[in-house]
Amino acid sequence: MFDIKLTTKKPLILASASPRRFELLSLLEIPFKVKTVEVDESNILGATPGEKVCNTAMAKGLPIAEKYQDAIVISADTIVFLNEDPLYKPIDNKVASEYLKRLSGNIHTVYAGVSIFHSGKCHTFFEHTNVQFYPLTEEWIQCYVESGEGADKAGGYGIQGAGGFFVEKIVGDYHNVVGLPIGKLFKELKSLGLISFGDEVEFYDN
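Remember, predicted model here, so these are calculated numbers, not experimental data. (Residues numbered from 1 in each chain as written. Predicted model: local features only at pLDDT ≥ 70, side-chain atom pairs only at ≥ 80, totals over all residues. Heavy atoms only, no water.)

Further remarks concern the overall build of the protein. The helix and strand tally for the protein stands at 6 helices and 9 strands. Computed over its C-alpha atoms, the radius of gyration of the protein comes to 18 Å, within 12% of the 17 Å expected for a compact globule of 206 residues. The C-alpha extent of the protein, read off along each of the three principal axes, is 50 × 40 × 30 Å. Buried residues in the protein amount to 46% of all 206 residues. Pairs at least 24 residues apart make up 68% of the contacts formed inside the protein by residues separated by at least 6 positions. (Helix = DSSP H or I, 4+ residues; strand = E, 2+ residues; numbered from the N terminus. Rg over C-alpha atoms; globule rule 2.2 N^0.38 Å. Buried < 20%, exposed > 50% of the residue type's maximum accessible area, 1.4 Å probe, protein only. Contact = heavy atoms within 4.5 Å.)

The structure is reproduced here in structure tokens:
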């Protein structure tokens, strides 16, 4: 994709099964593996939206980091908030329709928390993006929900797909809405001294 070669000091692991995060992390053109575990997010709390997504990101990455202690482990969580109410992944089409009706014509905020585990340490940060939706018709909502595109996404829509047609404007990082604030992640990896320019790190596989 580009001629700049980046590398990490240690093997890199993405602790997420999200295809959007896989695609975004791939933009760095650094080899990485995907390792995931099931995490019960229902009891993870946070006094603020930012704290909530950070705590969830840490919970997702910790089991992987404990198993692969010689690697850099990246985990993330995304939640849509409308007037301080969290809109998670819809459990069915009815909930998905309700989400979109609430988002219609309004501004909501997408929070993403990211954890970077390395050398027995955990560095966590969050990013937020404001998204303004056009007013949506019942037909528009029904067609989108029945397509299934938003079924596995926070807020019930995907900005990188047909859900992008709903968006009038955004203020903040577009990639954050997709699932991973890749620009800020790159900045944080650089500031921690975990990413540099040079040869690739050989990855073990077990």
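Before going further, it helps to spend a moment on the side chain of His118. Residue position: His118 is located in strand β6 (residues 107-118). With a relative accessible area of 12%, His118 lands in the buried category. Excluding residues that lie within four positions of it along the chain, His118 makes contacts with Ala71, Ile72, Leu192 and Leu194.

It is at 10 Å that the axes of helix α3 (residues 93-103) and helix α4 (residues 138-147) come closest, and there the two elements cross at 140°. With respect to α4, the element α3 is oriented oblique. Crossing of α3 against α4: the hand is right-handed. Every residue of α4 that contacts α3 at Asn93, Ala96, Ser97, Leu100 and Lys101 is listed here: Glu138, Ile141, Tyr144 and Val145. (Axes fitted to C-alpha atoms, helices over the stretch in contact; angles between N-to-C directions. Parallel < 35°, antiparallel > 145°, perpendicular 65-115°, else oblique. Left-handed = near helix turned anticlockwise from the far one by under 90°.)

Before going further, it helps to spend a moment on the pairing of strand β4 (residues 72-82). Within β4, 11 of the 11 residues are buried, leaving the element largely enclosed by the surrounding structure. Side-chain alternation along β4 places Ile72, Ile74, Ala76, Thr78, Val80 and Leu82 on one buried face and Val73, Ser75, Asp77, Ile79 and Phe81 on a second face that is also buried. Alignment of strand β2 (residues 12-14) against β4, held across 3 bridges, turns out to be parallel. By the bridge assignment for β4, Leu12 is matched with Ile72. As defined by bridge partners, β4 adjoins strand β5 (residues 85-87) across 3 bridges and the pair is classed as antiparallel. Looking at the pairing, Val80 lines up with Leu87 of β5. What sits between β4 and β5 in their antiparallel hairpin is a turn of 2 residues, with Asn83 showing a positive phi close to 50°. (Pairing = 2+ DSSP bridges.)

Bringing the packing of aromatic side chains into the picture now. In total, this model carries 7 aromatic pairs according to the counting rule given. Plain terms: the ring middles of Phe81 and Tyr111 are 5.5 Å apart, the flat faces sit at 85° to each other, and that makes the pair edge-to-face. Note that Phe81 is positioned in strand β4 and Tyr111 in strand β6, a separation of 30 residues in sequence. We note that Phe81, like Tyr111, is buried. Relative to Tyr157, the ring of Phe133 lies with its centre 4.9 Å away and its plane at 70°, an arrangement referred to as edge-to-face. Taken together, the positions of Phe133 in strand β7 (residues 121-133) and Tyr157 in the loop between α4 and β8 (167-171) put the pair 24 residues apart, joining distant regions of the chain. Here Phe133 falls in the buried class, since its relative accessible area comes to 0%. (Phe/Tyr/Trp six-rings, centres within 6.5 Å; stacked < 30°, edge-to-face > 60°.)

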